[in-house]
Amino acid sequence: MRRAAEEEDATDELVTLLLDDLGPALQWYRDEVARTLGLSPSEVLCLEVCRRHGSMSSGRLGERLGLTRSAVAKMLRRLEEAARAMADATIERRLLAERRRAREAGPTPWWAR
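Residues numbered from 1 in each chain as written. Predicted model: local features only at pLDDT ≥ 70, side-chain atom pairs only at ≥ 80, totals over all residues. Heavy atoms only, no water.

## Overview of a nonpolar patch on the surface
So the rule is basically this: Each patch is built from salt-bridge-free residues with over 30% relative accessible area, joining like charges within 9 Å and nonpolar side chains (Val, Leu, Ile, Met, Phe, Trp, Tyr) within 5 Å. Only the protein chains shown count as cover for residues, and all accessible areas are computed by the Shrake-Rupley method using a 1.4 Å probe. A side-chain nitrogen of Lys or Arg and a carboxyl oxygen of Asp or Glu constitute a salt bridge if their distance falls within 4 Å. In this text, helices come from DSSP runs of H or I with a minimum length of four residues, and strands from runs of E with a minimum of two, each type numbered from the N-terminal end. Between buried and exposed lies partly exposed: a residue is buried under 20% and exposed over 50% of the maximum accessible area for its type, with that area taken using a 1.4 Å probe on protein chains only.
Residues Leu14, Leu17, Leu18 and Leu22 make up a contiguous nonpolar surface patch of roughly 380 Å² in combined accessible area. Along the chain, leucine 22 turns up in helix α1 (residues 2-37). Leucine 22 sits in the exposed class, given a relative accessible area of 52%.

## Some points on the packing of helix α2 (residues 41-53) against helix α3 (residues 58-65)
Quick note on the threshold: Axis definition: a line fit to C-alpha positions, over the contact stretch in the case of helices; interaxial angles, taken between N-to-C directions, run 0 to 180 degrees. The hand of a helix crossing depends on one turn: near helix anticlockwise from the far one by less than a right angle means left-handed, and clockwise means right-handed. Here a residue-residue contact requires only that any non-hydrogen atoms of the pair lie within 4.5 Å.
Where α2 meets α3, the closest approach of the two axes is 11 Å, and the angle between their N-to-C directions is 120 degrees. Both α2 and α3 take part in a crossing whose hand is right-handed. Across the interface between the two elements, Leu45, Cys46, Val49, Cys50 and His53 of α2 pack against Leu61, Arg64 and Leu65 of α3.

## With respect to the nonpolar core
What counts is decided by this rule: We call a set of buried residues a nonpolar core when its members are Ala, Val, Leu, Ile, Met, Phe, Trp, Tyr or Cys and they connect through side-chain atoms within 4.5 Å of each other.
Listed in full, the 11 residues of the largest apolar core are Ala34, Leu39, Val44, Cys46, Val49, Leu61, Leu65, Val72, Met75, Leu79 and Ala82. Secondary-structure elements contributing two or more residues to this core are α2, α3 and α4 (69-105). By residue number, the principal contributor to this core is α4, which donates four residues.

## As for α1
Let me state the cut-off plainly: A helix is expected to span 1.5 Å for every residue after the first. At every residue, the bend is computed as the angle between two fitted axes, covering the seven residues ending there and the seven beginning there respectively.
Its 36 residues place the ends of α1 51 Å apart at the C-alpha level, agreeing with the 52 Å of an ideal helix rising 1.5 Å per residue. Bending of α1 peaks at approximately 30 degrees at the position of leucine 22, with proline proline 24 no more than four residues after it. Immediately beyond the C-terminal end of α1, within one or two residues, lies glycine 38, with a positive phi of roughly 75 degrees.

## Details of the pattern of salt bridges
Applying the stated criterion across every chain yields a total of seven salt bridges. For the salt bridge of glutamate 48 with arginine 30, the shortest nitrogen-to-oxygen distance reads 3.0 Å. Placement of the pair is glutamate 48 in helix α2 and arginine 30 in helix α1, with a sequence separation of 18 residues. The buried category is assigned to glutamate 48, whose relative accessible area is 15%. Classification of arginine 30 as buried rests on a relative accessible area of 15%. One salt bridge in this structure joins glutamate 63 and arginine 60, with 3.7 Å as the shortest N-O distance. One end of the pair is glutamate 63 and the other is arginine 60, both in helix α3 and three residues apart, which spans about a single turn. Residue glutamate 63 is classed as exposed on the basis of its relative accessible area, which comes to 60%. The exposure class of arginine 60 is partly exposed, given its relative accessible area of 42%. Each member of the salt-bridge network shares a partner with another, and the members are Arg30, Glu48 and Arg52.

It is worth stressing that arrangement in space is one thing and function is another; only the former is reported here.
Dropping the structure here:
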């Protein structure tokens, strides 16, 4: 009985220590990811919830995020627009890289055209 209580106290102390130390680090990480991607911290949290739990209704997602269904719908539209913009930018970078490689390789001989 006494050993179980000691183990429970030690576990509680360890969990508290982990939360106190890791909580701020996790928040900093989320903030940096959001800043790098040009998203808000709540949008990054939304992406994390969707990644972890898969597809769900906007109402259920709102419950998990503490937002209304309307706010979630607006957020999802912004995230979809951001995803499209990132995809377009990626395609554009690839095209530019291909053109650069072609220029660096020099002109194509007439028989290889």
